[in-house]
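# Observations on the model geometry
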Amino acid sequence: MKHLSAPGFALICALALPAAPSAADRGGLTAAGVRTLTPQESAVVDGLAPVPLVDLNLRPAATVLVSVKDGTPVRKVQRSGLGLRAAVYAGQPHALNPLLPQLPGERLPRRIDFEKDGDSVEAWATMTAAGIPHLKLNGFGGFRADATASWTSRFTLGGSTSKEVVLRFVVPPTVVGGNSELEGLAWWRARMRTDVLVNGFPAWSTEAWRLRADYQQTGAMGGQVNVPLEVLQTFGDPLPFPTDDEDAPAGPGEPSNDSNAGNVDAPSAPRVVHLSLGRFNPGQAIELSMIVRGTAYTQASSAMGTDHHCRHNGSRYFCSRASMSVNGLGSEAPRVTLLP
């Protein structure tokens, strides 16, 4: 017996949604009754049968937007129906690359050869029919890349009694990284943000930024010298990265887990989240959205500067890099479980 009945109309894909509205934007309101379950409660929910995935009516969407100094910005968008994935790719100065996700063990072919091309960028975004996100952004020199993979769901609670509704979802391993090329130094930025909305209200979010920043310190011979610093900052419900730039410095003999220790491209561990959405009555409609966004770019050190572009030494280009990825291979589809 199915727990849910699908309404007879289509949904607007989450791709068109703006950033999750703040509590101030919604008159101070948030998704009423939403809370994260404890590990003990989560274990109980995982032992129960979820609502069949087909009854959630997932509708995927994906978009990418890329640009480099000498190219026209390229945007690709796909909104898919039930049972179909949304997958897009864009690149400059090259294009026409395979779409994510790739087969296990298969590597995405890279068309970028920054030593010859200079400023260059690639971006992939996929949301599978089962609601599993994949993002990959990679760029060199002066570039910007943005990507979004999302799903929306609308269903109506069946039965004759009210139920507590629990949503379980997974944020796959995530990388926010980059590289500062000393012969083509640039300020680079990489970001991932995931939002979950319940009936249009923000219910859960996580965000991670990694960036190269500069600071001044006194040099060995006196005077101020410029020192680059690569920093990870997290917001919302943070992902478990192997890097923590906000903890206390490592003590004598202790290994450092700071970004400058060389682990800027290390992925986070996957994050499993159980959200109780509150109680709903029979016949009540429930709208859910999961929106996964990625950004990677470089910027000049001054308002009109060009020092973030690749530099040519007469034989090849030298470029700094920014990259981000959300690797959904081996991840799990979202689940909804109804509790008495």
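Here, every reference points to the structure presented above.
In this report, we go over the structure that sits alongside the text. Here the structure is a predicted model, which means the values were calculated and not measured. (Residues numbered from 1 in each chain as written. Predicted model: local features only at pLDDT ≥ 70, side-chain atom pairs only at ≥ 80, totals over all residues. Heavy atoms only, no water.)

### Focus on the pairing of strand S3 (residues 59-68)
- Counting buried positions along S3 yields eight of 10 residues, so the element is predominantly enclosed.
- As judged from the 10 bridges shared by S3 and strand S8 (residues 143-157), these two strands associate in the antiparallel manner. Bridged to Val66 within S8 is Ala145.
- Of the pairings in the sheet, the one linking S3 to strand S4 (residues 74-79) comprises six bridges and is antiparallel in character. (Buried < 20%, exposed > 50% of the residue type's maximum accessible area, 1.4 Å probe, protein only. Helix = DSSP H or I, 4+ residues; strand = E, 2+ residues; numbered from the N terminus. Pairing = 2+ DSSP bridges.)

### Digging into empty space enclosed by the protein
- Applying the stated criterion across every chain yields a total of one cavity of 30 Å³ or more.
- Taken together, Val45, Asp46, Leu48, Pro50, Val166, Arg168, Arg335, Val336 and Thr337 form the lining of the largest cavity.
- Class assignment for the residues of the lining of the largest cavity results in five nonpolar, one polar and three charged. (1 Å grid on protein atoms, 1.4 Å probe; cavity = no way out; pocket = protein on both sides within 12 Å on 5 of 7 lines; lining within 4 Å. Points joined across faces, edges and corners; volume = space filled by probe spheres on them. Nonpolar A, V, L, I, M, F, W, Y, C, P; charged D, E, K, R; others polar.)

### Brief notes about the side chain of Thr337
- Tracing the backbone shows Thr337 in strand S19 (residues 335-339).
- We classify Thr337 as buried; its relative accessible area is 4%.

### What about the state of the cysteines?
- Summed over the entire model, instances satisfying the criterion amount to one disulfide.
- Covalent S-S linkage joins Cys310 and Cys319, the inter-sulfur distance amounting to 2.2 Å. Torsion about the S-S bond of the Cys310 and Cys319 cystine: about 115°, corresponding to right-handed handedness.
- For Cys310, a relative accessible area of 12% puts it in the buried group. (Disulfide = S-S within 2.5 Å.)

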